[in-house]
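So you can see what is in the structure, the chains are spelled out below.
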Amino acid sequence: MKTLLLLCVLAMSSLSVAAEQPNIVYIICDDLGYGDVHCLAPETCKIPTPHADRLAAQGMIFTDAHGGSSVCTPTRYGIMTGRYSWRTPLQKGVVTGFAPNLIAEDRPTVASVLKTQGYTTGIVGKWHLNFQYADPQSGEIYSRKKYKKPPVGAMIPDGPLQRGFDYFHGFHHARDMEAVIENDRVIEHDAVVNMLPRLTEKAAAWIDLQAQKDQPFFLYVPLGSPHTPIVPTDQWKGKSGLGDYGDFVMQTDHAVGEITAALERNGMADNTLVIFTSDNGCSKAAGIPKLAGQGHIVSAHLRGSKADLWDGGHRIPFIVRWPGKVAAGSQNNSLICLTDLLATTCEILGIDMPSGSGEDSVSFLPALSGDPIVSTRNGVIHHSFSGHFAYRQGKWKLLLARASGGWSAPNEANAPAGSPIAQLYDMDADIGEQHNLYTEKPEVAAQLLKLLEQDVNRGRSTQGEPSQNDTSDIVLWKSENKKKNAAKRKKKD
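Remember, predicted model here, so these are calculated numbers, not experimental data. (Residues numbered from 1 in each chain as written. Predicted model: local features only at pLDDT ≥ 70, side-chain atom pairs only at ≥ 80, totals over all residues. Heavy atoms only, no water.)

(A) Molecular detail of the environment of Y167. Within the fold, Y167 resides in strand β4 (residues 167-171). In this structure, the C-alpha to C-alpha distance between Y167 and P354, residues 187 residues apart in sequence, is 23 Å. With residues up to four places along the chain from it excluded, the contact list for Y167 reads T121, G122, I123, V124, L161, E182, N183, K202 and W206. Of note is the side chain of Y167, whose polar atom sits 3.2 Å from the side chain of E182. (Helix = DSSP H or I, 4+ residues; strand = E, 2+ residues; numbered from the N terminus. Contact = heavy atoms within 4.5 Å. Polar contact = N/O pair within 3.5 Å; in protein donor to acceptor, adjacent residues only side chain to side chain.)

(B) Region of the structure containing the sheet that holds strand β11 (residues 380-383). Pairing is antiparallel across the open sheet formed by four strands, whose spatial order is β11-β12-β13-β14. The two strands at the open ends of the sheet, each matched to only one other strand, are β11 and β14 (423-426). Within the sheet, the average angular offset between the axes of one strand and its neighbour, ignoring direction, is 20°. As paired strands, strand β13 (residues 396-399) and β14 are joined by four bridges and run antiparallel to one another. Bridge pairing in β14 places L398 opposite L424. Sheet strands touched by helix α10 (residues 442-457): β11, β12 (389-393), β13 and β14. Its angle to β12, the strand with the most contacts, is close to 110°. (Pairing = 2+ DSSP bridges. Axes fitted to C-alpha atoms, helices over the stretch in contact; angles between N-to-C directions.)

(C) Region of the structure containing helix α2 (residues 50-58). Taken together, the buried positions of α2 are A52, D53, L55 and A56. Down the axis of α2, the sector holding all buried residues measures 155°, keeping them to one side. In this fold, the buried residues of α2 make contact with β2 (60-66), α6 (244-265), β8 (272-278) and β9 (318-321). (Buried < 20%, exposed > 50% of the residue type's maximum accessible area, 1.4 Å probe, protein only. Arc of directions from axis to C-beta.)

(D) Fine view of the confidence of the model for the protein chain. Chain-level statistics for the protein chain give a pLDDT mean of 94 and a share of 94% at 70 or above. For residues 1-19, every residue scores under 50 in pLDDT, and the model assigns this stretch two contacts once sequence neighbours within four places are set aside. Within the model, pLDDT remains below 50 along residues 487-493, and this stretch shows zero contacts once partners closer than five positions in the same chain are excluded. (pLDDT = per-residue confidence, 0-100.)

(E) Broad picture of the sheet that holds strand β5 (residues 179-182). The strand order across the open sheet built from 10 strands is β6-β5-β4-β3-β7-β1-β8-β9-β2-β10, with neighbouring strands paired in mixed fashion. Here the strands that pair on one side only, and so sit at the sheet edges, are β6 (185-189) and β10 (330-337). Averaged over all pairs of adjacent strands, the angle between their axes in this sheet comes to 15°, without regard to strand direction. As paired elements, β2 and β10 share six bridges and run parallel to each other. By the bridge assignment, F62 is partnered in β10 with N332. Contacting β1 (23-29), β3 (120-126) and β7 (217-222), helix α3 (residues 72-81) runs over the sheet at an angle of about 170° to β7. α6 rests against β1, β7, β8 and β9 of the sheet, and its axis sits at about 175° to β1.

(F) The arrangement of empty space enclosed by the protein in detail. A full pass over the atoms with the stated rule returns three cavities of 30 Å³ or more. One number sums up the size of the largest cavity: a volume of about 70 Å³. A total of three residues in the lining of the largest cavity trace back to one element, the largest contributor, which is helix α5 (residues 195-210). Residues of the lining of the largest cavity, tallied by class, amount to nine nonpolar, two polar and no charged. (1 Å grid on protein atoms, 1.4 Å probe; cavity = no way out; pocket = protein on both sides within 12 Å on 5 of 7 lines; lining within 4 Å. Points joined across faces, edges and corners; volume = space filled by probe spheres on them. Nonpolar A, V, L, I, M, F, W, Y, C, P; charged D, E, K, R; others polar.)

Next up, the structure:
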């Protein structure tokens, strides 16, 4: 009897530990707009997304979630490190590969932290944070000038495996999508149309493999779709009735369904935290005006799209499913950022963030239970493709740009004459960012600017140990600085 009782206690203890160490699956789409998920904008989304909708019905929708930037690389850096990318030398745009990893070797990542807690870690998809390619025999580092695409057999000395992951299958970014990578080697060249089916199959297979182990896992699935090249397979062509982009979104949603199905057939759904999101808004390459003519609005009620400071550039779908922890069919309006994954996972596991990490990360774990987020962060900093800054605190949003700060018209180059040097919006009353209050509310603008300057200069936006930026070349007023430099050059000439 005593032996049986002891076994029961041990079994219950084991279940308790398992519950405290959920599997984590983080699916991030590439350039999927807020309005591209049907349940988020049922009146203006004409693309069926049944699998994302099902996740939302089973979990929680966050309506005010933002990428750390309005383009790929900076947002992905923030997800992995809990830190804004503009604290590095990358002040605008994205990286293009064939270069050292943007994440410093000694900087903790979500993956490396979870590994210390006994997790198996895998990434299936797009890295887009730079790494190098080396000759497997000589160790010579290949250059982009010499190779249009990484050669088969090339080794990767500073990729995901050196940043906390046990397994990697995927590619670097869209330009090099033909080069298929497994772990630290380019294993083949394949047609780009095959990448999404490949990632779908590999992610599901990796989950099947983990089912055979007695170990929690973290699977990061940074899909390369529906980013360009927009290449739905023949099976999906014509499905949406909206052209290739709509078809590709549907195929991307199918990938989400295959991943969640793998969890369910292995009996893992109840102890797995699933997060579904996007890195930024929809790209102009999708053919936004044509889609709008067909009744599909990629950014829903938001202004702008990918690359912009306006919310259509960086407010993104964010859906969380965690049975027993997150109420089905719930919604949360808290302001969160994709930099928040690191702090959230650490709080789930009951550990502190490692020293020298997560400077811009706040746990949203309380929100999953409907409680207020406890934050030492005054606000969230937005950043555009061209490096323009914005600051959001509560209902107020300050943009240090005359126009979109990105690709949407009007952009900074053709802002209407006489436009104020900045924009200020009441996001509660004007979520479409149509009524600029910058000249009417100077005291609000001044307070937000002060907070932004403080958060930038002190190397972190949360309370914690002192930190420093990796560069001193952070320019807050990009448009004004550009004008001053142009005027100096003109005077010099």
